[in-house]
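The chain contents come next:
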Amino acid sequence: LRALIRGVASTKDSTVFKVLERNPHWDNMLVVADWTGSMYQYGAQLVQWHNMRLSTQTSRVKHLVIFNDGNDLRTAQKKIGKTGGVYYCKSTEIEEILSTMEMVMSRGDGGDSPENDVEAIITGLKYLKGHDEVILIADNDSDVRDLGLMRSLSVPVRIILCGKRRKEIHDDYVRLAYQTGGSLHTLQEDIEDLSSLINARQPGNTPN
(Lines give C-alpha, C1' and ligand atoms only; values in the text may rest on other atoms or scores of the structure.)
Protein backbone atom coordinates (compact mmCIF):
# COMPACT_ATOMS: atom_id res chain seq x y z
CA LEU A 1 0.00 0.00 0.00
CA ARG A 2 2.64 2.54 1.01
CA ALA A 3 4.74 1.60 -2.02
CA LEU A 4 1.77 2.38 -4.28
CA ILE A 5 1.12 5.70 -2.56
CA ARG A 6 4.76 6.74 -2.72
CA GLY A 7 4.99 5.84 -6.40
CA VAL A 8 7.51 3.04 -5.82
CA ALA A 9 5.03 0.46 -7.13
CA SER A 10 2.25 0.83 -9.67
CA THR A 11 -0.99 -0.84 -10.76
CA LYS A 12 -1.91 -1.95 -14.27
CA ASP A 13 -5.40 -0.46 -13.95
CA SER A 14 -5.75 3.34 -13.98
CA THR A 15 -9.53 3.69 -13.68
CA VAL A 16 -9.58 6.04 -10.69
CA PHE A 17 -6.83 8.26 -12.13
CA LYS A 18 -8.57 8.52 -15.49
CA VAL A 19 -12.01 9.32 -14.08
CA LEU A 20 -10.74 11.99 -11.68
CA GLU A 21 -8.73 13.64 -14.43
CA ARG A 22 -11.74 13.68 -16.78
CA ASN A 23 -13.96 15.34 -14.19
CA PRO A 24 -12.23 18.50 -12.92
CA HIS A 25 -15.63 19.99 -12.06
CA TRP A 26 -15.90 17.59 -9.09
CA ASP A 27 -14.91 19.89 -6.25
CA ASN A 28 -15.02 19.69 -2.46
CA MET A 29 -15.24 15.92 -2.88
CA LEU A 30 -16.66 13.53 -0.32
CA VAL A 31 -15.20 10.24 -1.53
CA VAL A 32 -16.63 6.96 -0.22
CA ALA A 33 -14.41 4.03 -1.14
CA ASP A 34 -14.88 0.26 -0.96
CA TRP A 35 -11.84 -0.85 1.04
CA THR A 36 -12.20 -4.62 0.80
CA GLY A 37 -9.52 -6.98 -0.51
CA SER A 38 -10.09 -6.74 -4.26
CA MET A 39 -10.37 -2.95 -4.10
CA TYR A 40 -7.10 -2.06 -2.40
CA GLN A 41 -5.39 -1.08 -5.65
CA TYR A 42 -8.17 1.35 -6.52
CA GLY A 43 -8.21 3.05 -3.13
CA ALA A 44 -4.45 3.32 -3.40
CA GLN A 45 -4.87 5.07 -6.75
CA LEU A 46 -7.12 7.66 -5.13
CA VAL A 47 -4.63 8.37 -2.36
CA GLN A 48 -1.73 8.52 -4.80
CA TRP A 49 -3.68 10.99 -6.97
CA HIS A 50 -4.46 13.04 -3.85
CA ASN A 51 -0.85 12.93 -2.65
CA MET A 52 0.48 14.16 -6.00
CA ARG A 53 -1.68 17.28 -5.69
CA LEU A 54 -1.30 18.17 -2.02
CA SER A 55 1.70 20.43 -2.51
CA THR A 56 -0.17 22.55 -5.06
CA GLN A 57 -3.49 22.39 -3.17
CA THR A 58 -5.29 21.04 -6.25
CA SER A 59 -6.45 17.69 -4.88
CA ARG A 60 -10.20 18.47 -4.46
CA VAL A 61 -10.54 15.54 -2.00
CA LYS A 62 -11.99 17.12 1.14
CA HIS A 63 -13.24 14.05 3.02
CA LEU A 64 -12.60 10.32 2.66
CA VAL A 65 -14.79 7.51 4.02
CA ILE A 66 -13.71 3.89 3.59
CA PHE A 67 -15.59 0.70 4.40
CA ASN A 68 -14.70 -2.97 4.79
CA ASP A 69 -18.22 -4.44 5.01
CA GLY A 70 -18.48 -5.45 8.61
CA ASN A 71 -15.09 -5.77 10.31
CA ASP A 72 -14.81 -9.52 9.62
CA LEU A 73 -18.37 -10.32 10.68
CA ARG A 74 -19.74 -13.61 9.44
CA THR A 75 -22.27 -13.22 6.62
CA ALA A 76 -25.19 -14.23 8.85
CA GLN A 77 -24.30 -11.42 11.27
CA LYS A 78 -24.41 -8.66 8.66
CA LYS A 79 -27.62 -6.68 9.08
CA ILE A 80 -28.83 -4.19 6.47
CA GLY A 81 -27.95 -0.68 7.59
CA LYS A 82 -25.98 -1.97 10.58
CA THR A 83 -23.22 -4.00 8.96
CA GLY A 84 -20.52 -1.59 10.13
CA GLY A 85 -16.88 -1.34 9.19
CA VAL A 86 -17.29 2.27 8.00
CA TYR A 87 -14.49 4.71 8.88
CA TYR A 88 -13.75 8.38 8.28
CA CYS A 89 -10.20 9.64 7.71
CA LYS A 90 -9.99 12.57 10.14
CA SER A 91 -7.46 14.43 8.02
CA THR A 92 -6.54 14.64 4.34
CA GLU A 93 -2.86 14.39 5.28
CA ILE A 94 -1.26 11.30 3.78
CA GLU A 95 0.04 9.75 6.99
CA GLU A 96 -3.39 9.99 8.63
CA ILE A 97 -5.03 8.43 5.57
CA LEU A 98 -2.49 5.60 5.40
CA SER A 99 -2.78 4.86 9.11
CA THR A 100 -6.58 4.72 8.85
CA MET A 101 -6.45 2.49 5.78
CA GLU A 102 -4.03 0.08 7.44
CA MET A 103 -6.18 -0.05 10.57
CA VAL A 104 -9.32 -0.78 8.53
CA MET A 105 -7.47 -3.50 6.58
CA SER A 106 -6.49 -5.14 9.85
CA ARG A 107 -10.13 -5.27 10.96
CA GLY A 108 -11.50 -7.07 7.90
CA ASP A 109 -11.34 -7.43 4.14
CA GLY A 110 -14.99 -8.00 3.28
CA GLY A 111 -15.36 -11.75 3.29
CA ASP A 112 -18.44 -12.35 1.14
CA SER A 113 -19.15 -10.60 -2.17
CA PRO A 114 -21.95 -8.07 -1.42
CA GLU A 115 -20.79 -4.77 0.09
CA ASN A 116 -22.48 -2.15 2.31
CA ASP A 117 -21.99 0.75 -0.11
CA VAL A 118 -25.19 2.64 0.76
CA GLU A 119 -24.66 2.37 4.51
CA ALA A 120 -21.20 3.88 4.00
CA ILE A 121 -22.63 6.76 1.93
CA ILE A 122 -25.34 7.46 4.52
CA THR A 123 -22.75 7.42 7.32
CA GLY A 124 -20.49 9.83 5.45
CA LEU A 125 -23.30 12.28 4.75
CA LYS A 126 -24.50 12.10 8.35
CA TYR A 127 -21.21 13.13 9.90
CA LEU A 128 -19.62 15.18 7.10
CA LYS A 129 -21.78 18.15 6.21
CA GLY A 130 -21.68 20.51 3.25
CA HIS A 131 -21.50 18.07 0.34
CA ASP A 132 -23.89 18.27 -2.61
CA GLU A 133 -22.81 14.93 -4.12
CA VAL A 134 -20.83 11.82 -3.30
CA ILE A 135 -18.07 10.12 -5.28
CA LEU A 136 -18.33 6.35 -4.72
CA ILE A 137 -15.41 4.10 -5.68
CA ALA A 138 -17.22 0.79 -6.10
CA ASP A 139 -16.51 -2.82 -7.03
CA ASN A 140 -18.45 -3.55 -10.22
CA ASP A 141 -17.89 -7.27 -9.55
CA SER A 142 -19.83 -7.15 -6.25
CA ASP A 143 -23.51 -6.72 -5.41
CA VAL A 144 -24.72 -3.83 -3.24
CA ARG A 145 -25.86 -5.44 0.01
CA ASP A 146 -28.13 -2.59 1.08
CA LEU A 147 -29.57 -1.16 -2.14
CA GLY A 148 -32.97 -0.82 -0.47
CA LEU A 149 -31.58 2.01 1.66
CA MET A 150 -30.91 4.24 -1.35
CA ARG A 151 -34.32 5.94 -1.10
CA SER A 152 -32.98 7.85 1.90
CA LEU A 153 -30.23 9.47 -0.17
CA SER A 154 -30.90 13.05 -1.24
CA VAL A 155 -27.71 13.83 -3.19
CA PRO A 156 -26.37 12.49 -6.51
CA VAL A 157 -23.97 9.56 -6.30
CA ARG A 158 -21.18 9.61 -8.90
CA ILE A 159 -19.94 6.03 -9.15
CA ILE A 160 -16.43 5.12 -10.30
CA LEU A 161 -16.74 1.48 -11.37
CA CYS A 162 -13.74 -0.76 -10.77
CA GLY A 163 -13.15 -4.49 -11.20
CA LYS A 164 -12.23 -6.79 -14.05
CA ARG A 165 -14.42 -9.91 -13.93
CA ARG A 166 -17.77 -8.42 -14.96
CA LYS A 167 -17.70 -6.82 -18.42
CA GLU A 168 -21.11 -5.11 -18.28
CA ILE A 169 -22.11 -2.51 -15.69
CA HIS A 170 -23.73 -4.15 -12.68
CA ASP A 171 -27.48 -3.48 -12.39
CA ASP A 172 -27.13 -2.42 -8.75
CA TYR A 173 -24.90 0.51 -9.64
CA VAL A 174 -27.08 1.52 -12.58
CA ARG A 175 -30.04 1.69 -10.18
CA LEU A 176 -28.12 3.53 -7.47
CA ALA A 177 -26.84 6.19 -9.86
CA TYR A 178 -30.21 6.56 -11.61
CA GLN A 179 -32.33 6.80 -8.48
CA THR A 180 -30.06 9.44 -6.90
CA GLY A 181 -29.66 11.52 -10.08
CA GLY A 182 -26.02 10.54 -10.24
CA SER A 183 -23.75 9.14 -12.94
CA LEU A 184 -21.53 6.19 -13.86
CA HIS A 185 -17.84 6.37 -14.70
CA THR A 186 -15.64 3.65 -16.18
CA LEU A 187 -12.08 3.57 -17.44
CA GLN A 188 -13.32 4.54 -20.91
CA GLU A 189 -16.34 6.80 -20.41
CA ASP A 190 -18.56 9.01 -18.27
CA ILE A 191 -22.26 8.14 -18.45
CA GLU A 192 -24.43 11.05 -17.36
CA ASP A 193 -27.67 10.09 -19.14
CA LEU A 194 -28.74 6.78 -17.61
CA SER A 195 -32.18 6.54 -19.19
CA SER A 196 -31.01 4.30 -22.05
CA LEU A 197 -29.34 1.90 -19.62
CA ILE A 198 -32.45 1.76 -17.46
CA ASN A 199 -34.76 1.23 -20.44
CA ALA A 200 -32.56 -1.51 -21.88
CA ARG A 201 -32.75 -3.44 -18.61
CA GLN A 202 -36.51 -3.32 -18.19
CA PRO A 203 -38.25 -6.73 -18.45
CA GLY A 204 -38.81 -7.67 -22.08
CA ASN A 205 -36.05 -5.44 -23.43
CA THR A 206 -32.74 -6.67 -24.77
CA PRO A 207 -29.64 -4.77 -23.54
CA ASN A 208 -27.68 -2.97 -26.26
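Residues numbered from 1 in each chain as written. Predicted model: local features only at pLDDT ≥ 70, side-chain atom pairs only at ≥ 80, totals over all residues. Heavy atoms only, no water.

Caption draft 1: Examining the overall build of the protein more closely. On a plain count of helices and strands, the protein comes out with seven helices and seven strands. Seen in sequence order, the protein has helices and strands lined up from the N terminus as α-α-β-α-β-β-α-α-β-β-α-β-β-α. With respect to the three principal axes, the spread of C-alpha positions in the protein is 50 × 40 × 35 Å. Within the protein, the proportion of its 208 residues that are buried is 51%. Expressed as a percentage of contacts within the protein between residues at least 6 apart in sequence, the contacts between residues at least 24 apart total 72%. In the form shown here, the protein has an accessible surface area of approximately 10100 Å², with 48% of it arising from carbon and sulfur atoms. Separation of charge centres in the protein, based on 25 positive and 28 negative side chains, amounts to 2 Å. (Helix = DSSP H or I, 4+ residues; strand = E, 2+ residues; numbered from the N terminus. Buried < 20%, exposed > 50% of the residue type's maximum accessible area, 1.4 Å probe, protein only. Contact = heavy atoms within 4.5 Å. Areas by Shrake-Rupley, 256 points an atom, 1.4 Å probe, with all protein chains shown as cover. Lys, Arg positive; Asp, Glu negative; His and termini not counted. Charge placed at Lys NZ, Arg CZ, Asp CG, Glu CD.)

Caption draft 2: How the structure looks around the nonpolar core. The biggest cluster of nonpolar side chains holds 31 residues, and the ones touching the most others in it are Val32, Ile121, Leu136, Leu153, Ile159, Leu176 and Leu184. With residues near it in sequence (within four places) discarded, Leu176 still touches Val118, Ile121, Leu136, Leu147, Met150, Leu153, Val157 and Ile159. Counting 28 residues, the second largest nonpolar core, distinct from the first, contains Trp26, Leu46, Leu98 and Cys162. (Core = buried A, V, L, I, M, F, W, Y, C linked by side-chain atoms within 4.5 Å.)

Caption draft 3: Quick peek at the environment of Leu20. Relative to the helices and strands, Leu20 is located in helix H2 (residues 15–22). As for Leu20 and Ile135, which are separated by 115 residues in sequence, their C-alpha atoms are 9.9 Å apart. Those residues in contact with Leu20, other than ones at most four positions away along the chain, are Trp26, Met29, Leu46, Trp49, Arg60 and Ile160.

Caption draft 4: Structural context of the environment of Ala177. As for its position among the elements, Ala177 is in helix H6 (residues 171–180). When its relative accessible area of 0% is taken as the criterion, Ala177 is described as buried. Between the C-alpha atom of Ala177 and that of Met39, which follows or precedes it by 138 residues, the distance is 20 Å. Residues in contact with Ala177, not counting those within four places in the same chain, are Val157, Ile159, Gly182, Ser183, Leu184 and Leu194.

Caption draft 5: Region of the structure containing the side chain of Asn140. Tracing the backbone through its elements, the reader meets Asn140 in the loop between strand S4 (134–139) and strand S5 (157–162). In this structure the side chain of Asn140 is engaged in a polar contact, spanning 2.9 Å, whose partner is the backbone nitrogen of His170. If sequence neighbours within four positions are ignored, Asn140 has contacts with Leu161, Cys162, Arg166, Glu168, Ile169, His170 and Tyr173. (Polar contact = N/O pair within 3.5 Å; in protein donor to acceptor, adjacent residues only side chain to side chain.)

Caption draft 6: Quick peek at the pattern of salt bridges. With the rule as written, the count across this model stands at 11 salt bridges. Between Glu168 and Arg166 there is a salt bridge whose closest N-O contact spans 3.3 Å. Here Arg201 ties to Asp171 by a salt bridge, and the two come within 2.3 Å at their closest N and O atoms. Pair noted here: Arg201 is in the segment after helix H7 (195–200) and Asp171 is in helix H6, with a separation of 30 residues, a long-range link. (Salt bridge = Lys/Arg side-chain N within 4 Å of Asp/Glu carboxyl O.)

Caption draft 7: Examining the packing of aromatic side chains more closely. On inspection of all chains with the given rule, the structure shows one aromatic pair. Where Trp35 meets Tyr40, the ring centres are 4.7 Å apart and the plane angle is 55 degrees; that geometry is what we call tilted. On the basis of relative accessible area, Trp35 is assigned to the buried category, the value being 0%. (Phe/Tyr/Trp six-rings, centres within 6.5 Å; stacked < 30°, edge-to-face > 60°.)

Caption draft 8: Representation of the side chain of Asn116. Position of Asn116 relative to the elements: it lies in the loop between helix H4 (94–107) and helix H5 (117–127). Of the residues examined, Asn116 reaches a relative accessible area of 0% and is grouped as buried. Polar side-chain contacts of Asn116 include one of 3.1 Å to the side chain of Glu119.

Caption draft 9: Expanded view of the packing of helix H3 (residues 40–54) against H4. Running from amino to carboxyl end, H3 crosses H4 at an angle of 170 degrees, the nearest separation of the two axes being 11 Å. By the angle between their directions, the pair H3 and H4 is classed as roughly antiparallel. Across from Tyr40, Gly43, Val47, His50, Asn51 and Leu54 in H3, the residues of H4 making contact are Ile94, Ile97, Met101 and Met105. Among the residues forming the contact of H3 with H4, the class breakdown is seven nonpolar, three polar and no charged. (Axes fitted to C-alpha atoms, helices over the stretch in contact; angles between N-to-C directions. Parallel < 35°, antiparallel > 145°, perpendicular 65-115°, else oblique. Nonpolar A, V, L, I, M, F, W, Y, C, P; charged D, E, K, R; others polar.)

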